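Survey of secondary and tertiary structure
The residues making up each chain are set out below.
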Amino acid sequence: MYDFAYQKPSNVADAVKALGADPEAKALAGGQTFIPVLKQRLNKPTVIVDLSKLGLTGITVTATAVTIGGMTTHWDVAHSEAARKAIPGLVDLAGQIGDNQVRHRGTIGGSLANNDPSACYTSAVLALGATIKTDRRSIPADEFFAGMFTTVLEQGELITAVEFPIPEKSHYMKFRNPASRYAMVGVYVAKGPKGVRVAVTGAGQGGVFRHAAMEAALSANWSPDAVANIKTPPDDLNSDIHGSAEYRAHLIGVMAKRAVAAAG
Amino acid sequence: MPQVSLTVNGKTSTVEVEGRTLLVELLREKLGLTGTHVGCDTSQCGACVVHVNGASVKACTMLALQAEGAQVITIEGLAAADGTLHPMQEMFREHHALQCGFCTPGMVMSAIDLVQTHPQGITEDEIRHGLEGNLCRCTGYHNIVKAIAAAWPIMHGKQVPLAAE
Ligand SMILES: Cc1cc2nc3c(=O)[nH]c(=O)nc-3n(C[C@H](O)[C@H](O)[C@H](O)COP(=O)(O)OP(=O)(O)OC[C@H]3O[C@@H](n4cnc5c(N)ncnc54)[C@H](O)[C@@H]3O)c2cc1C
Ligand code: FES
Ligand code: FES
């Protein structure tokens, strides 16, 4: 690992300033992605700005929305009773990320900023039509993701919170890679204030995407059978040592069907 | 060089580190606590698990500087001063839950956290899923699962520990 300077500012303004002052400065949240990247020398930041003292943790539930602070850990989301009552699918998703040790440190803001094509939260954000709040603006989910490992966040822009509208029903079904625990394919289905939305992670070459054919079918008839026969073309899907694009295309159908069944 | 102050196994230390020093490097190389192992470069194996402020974390995936002010417990901090093993260590021994022993410190630290976070009881399924962050290439896990199930009632005061040999 290359060496770097380390800062731990105590408010968002100072963190944004430190990150803005140096194009090679990088934010550090739970470190569950970024530290492995540093160990592999895939990144050479001059300064690391630790976000842990910015007061960005916590979960607020109102009648219409669940808002999760950007530095809230997967563990805390997975164990929030209030969030579970409002959006059980989202809380279950958080409990399936990685393992206990990863969940103790990894955060929602870090996961979304990273936009790993196999990450879990990206699918919930897209399917539930969440809003990403940053230090300078609010970004709708449909505009946030910009291809794998890329988002519309500017250099030094920090995710401060994520606001999820409460759906009528929703569920996440994941087929995990047994070694890495990431999603080989994950499908989040939701029926709520933003209509019926289906988001697929783990499969797309461009990262998380909405599945228009499944959304249309489920809008007409919310049932597992409605998606059972929808074929996903493998053309834009990932092939790797873990599975071919055709295999992933098939898994999308299976996961979607199970997700709708579990959502009820 | 930056400094970090933290409490490890009840003892407070202030240590000079680099920005890039990992918590596991601080423990092993600066404090000489080599019970915490490093088994991978990818944050997947769990050989390095320690408790930071009560939660199990991978010490290879945390900067030493992130542990400023933290309470850290490592495998060396479990046994009593007179050498009496922690019930989890005792059950690992009793149920032969290790072979080469490389994964064991991390397994024990994860297992203690798992039992502590299941005060109402724990199923075999919950134990197996709870060990997802810890890889063992020797045992096949069965005896580890048995040891954890046996440690649960002792740690929750529902059964007296076995008499020391
Ligand atoms: C063994 C293992 C298994 C895993 N399995 C899964 C899985 O099944 N599903 C899954 O979804 N993820 C998985 N992960 C990844 C995990 O969820 C990470 O926590 C997450 O991807 C990154 O979050 P972090 O808080 O650790 O961020 P960091 O690693 O600290 O940061 C990641 C990136 O985001 C930037 N960043 C961090 N916070 C912010 C912010 N608030 N605003 C702007 N930029 C920010 C950083 O600069 C960095 O570039 C796994 C990780 C490991 C090690
Ligand atoms: S050494 Fe493998 S997870 Fe830490
Ligand atoms: S006992 Fe050898 S790796 Fe677990």
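Residues numbered from 1 in each chain as written. Chains lettered and ligands numbered in written order. Predicted model: local features only at pLDDT ≥ 70, side-chain atom pairs only at ≥ 80, totals over all residues. Heavy atoms only, no water.

Re the overall build of chain A
Check the secondary structure of chain A and you find 12 helices and 12 strands. Taken across its 264 residues, chain A has 57% of its residues classed as buried. Here the analysis covers contacts within chain A between residues at least 6 apart in sequence; of these, 60% occur between residues at least 24 apart. In the form shown here, chain A has an accessible surface area of approximately 10600 Å², with 52% of it arising from carbon and sulfur atoms. In chain A, 26 positive and 23 negative side-chain charges are present, and the distance between their average locations comes to 5 Å. (Helix = DSSP H or I, 4+ residues; strand = E, 2+ residues; numbered from the N terminus. Buried < 20%, exposed > 50% of the residue type's maximum accessible area, 1.4 Å probe, protein only. Contact = heavy atoms within 4.5 Å. Areas by Shrake-Rupley, 256 points an atom, 1.4 Å probe, with all protein chains shown as cover. Lys, Arg positive; Asp, Glu negative; His and termini not counted. Charge placed at Lys NZ, Arg CZ, Asp CG, Glu CD.)

A closer look at the packing of helix 3 (residues 104-116) of chain B against helix 5 (residues 142-155) of chain B
All names here are of chain B. Two numbers describe how helix 3 lies on helix 5: the axes approach to 10 Å, and their chain directions differ by 45 degrees. By the criterion of interaxial angle, the relationship of helix 3 to helix 5 is oblique. Viewed along their axes, helix 3 and helix 5 form a crossing whose handedness is right-handed. Seen from helix 3, the contacting residues are Met 107, Ala 111, Ile 112, Val 115 and Gln 116; seen from helix 5, they are Ile 144, Ile 148, Trp 152 and Met 155. (Axes fitted to C-alpha atoms, helices over the stretch in contact; angles between N-to-C directions. Parallel < 35°, antiparallel > 145°, perpendicular 65-115°, else oblique. Left-handed = near helix turned anticlockwise from the far one by under 90°.)

Here we look at the pairing of strand 4 (residues 55-58) of chain B
Residue and element names in this part refer to chain B. Covered by surrounding structure in strand 4 are Ala 55 and Val 57 together with Ser 56 and Lys 58, the residues of both alternating faces. Where strand 3 (residues 49-52) meets strand 4, 4 bridges bridge the pair, whose relative direction is antiparallel. Across the sheet, the residue bridging to His 51 is Ser 56, located in strand 4. (Pairing = 2+ DSSP bridges.)

Observations concerning the pattern of salt bridges
Applying the stated rule across the entire model yields 16 salt bridges over all chains. One salt bridge in this structure joins A:Asp99 and B:Lys58, with 2.8 Å as the shortest N-O distance. Within this pair, whereas A:Asp99 is found in the loop between helix 5 (88-95) and helix 6 (100-105), its partner B:Lys58 is found in strand 4, the two belonging to separate chains. Neither A:Asp99 nor B:Lys58 differs from the other in exposure class; each is buried. Of the charged contacts, one joins A:Asp240 and A:Arg248 as a salt bridge, the two residues approaching to 3.0 Å between their closest N and O atoms. Among the charged side chains, a salt-bridge network with shared partners connects A:Asp142, A:Arg197, A:Arg210 and A:Glu215. (Salt bridge = Lys/Arg side-chain N within 4 Å of Asp/Glu carboxyl O.)

Things to note about the domain arrangement of chain B
All names here are of chain B. Each assigned domain of chain B is listed with its residue range as follows: domain 1 (3-77) and domain 2 (87-155). A separation of 21 Å is found between the C-alpha centroids of domain 1 and domain 2. Every contact between the two is made by 18 residues of domain 1 and, on the other side, 14 residues of domain 2. Together domain 1 and domain 2 conceal approximately 1200 Å² of surface at their shared face, both sides included; 60% is due to carbon and sulfur atoms. Among the residues of domain 1 in contact with domain 2, His 37, His 51 and Ile 75 are the three that bury the most area, contributing 41% of the side total. The interface formed by domain 1 and domain 2 includes 0 salt bridges. Applying the counting criterion to the domain 1 and domain 2 interface returns 6 residue pairs in polar contact (both at pLDDT 80 or more). Mapped onto the side of domain 1 that touches domain 2, the elements with two or more residues apiece are strand 3 and strand 4. In terms of residue class, the side of domain 1 that touches domain 2 is made up of 8 nonpolar, 9 polar and 1 charged. (Domains from an automatic or database assignment. Buried area = accessible area lost by both parts, 1.4 Å probe. Polar contact = N/O pair within 3.5 Å; in protein donor to acceptor, adjacent residues only side chain to side chain. Nonpolar A, V, L, I, M, F, W, Y, C, P; charged D, E, K, R; others polar.)

Here we look at the packing of aromatic side chains
Two aromatic rings, taken as a pair, are described by how far apart their centres are and by the angle between their planes. Residues and elements named next belong to chain A. What the rule picks out here adds up to 2 aromatic pairs over all chains. Ring centres of Phe 144 and Phe 145 lie 5.1 Å apart, and the angle between their planes is 85 degrees; this geometry places the pair in the edge-to-face category. A relative accessible area of 0% places Phe 144 in the buried class. Its relative accessible area of 16% is what places Phe 145 among the buried residues. Just above the ring of Tyr 2 sits the side chain of Arg 41; from NZ or CZ to the centre is 4.5 Å. Here the basic side chain of Lys 44 rests over the ring of Tyr 2, its NZ or CZ set 4.8 Å away from the ring centre. (Phe/Tyr/Trp six-rings, centres within 6.5 Å; stacked < 30°, edge-to-face > 60°. Lys NZ or Arg CZ within 6 Å of the ring centre and 35° of its normal.)

Things to note about the interface of chain A and chain B
Interfaces are often described in size by the accessible area the parts lose on coming together. Listed by partner, the interface residues are 27 residues for chain A and 28 residues for chain B. Summing the contributions of chain A and of chain B, the shared interface buries around 2200 Å²; its carbon and sulfur component is 53%. Three residues stand out in chain A for area buried against chain B, namely A:Lys39, A:Gln101 and A:Arg105, and they jointly supply 26% of the buried area on that side. Scanning the region where chain A abuts chain B turns up 2 salt bridges. Linking chain A with chain B are 13 residue pairs in polar contact (both at pLDDT 80 or more). Elements that contribute at least two residues to the side of chain A that touches chain B include exactly helix 2 (34-39) and helix 6 of chain A. Broken down by element, the side of chain A that touches chain B gets its largest block of residues, 5 residues, from helix 6 of chain A. Classifying every residue of the side of chain A that touches chain B gives 11 nonpolar, 8 polar and 8 charged.

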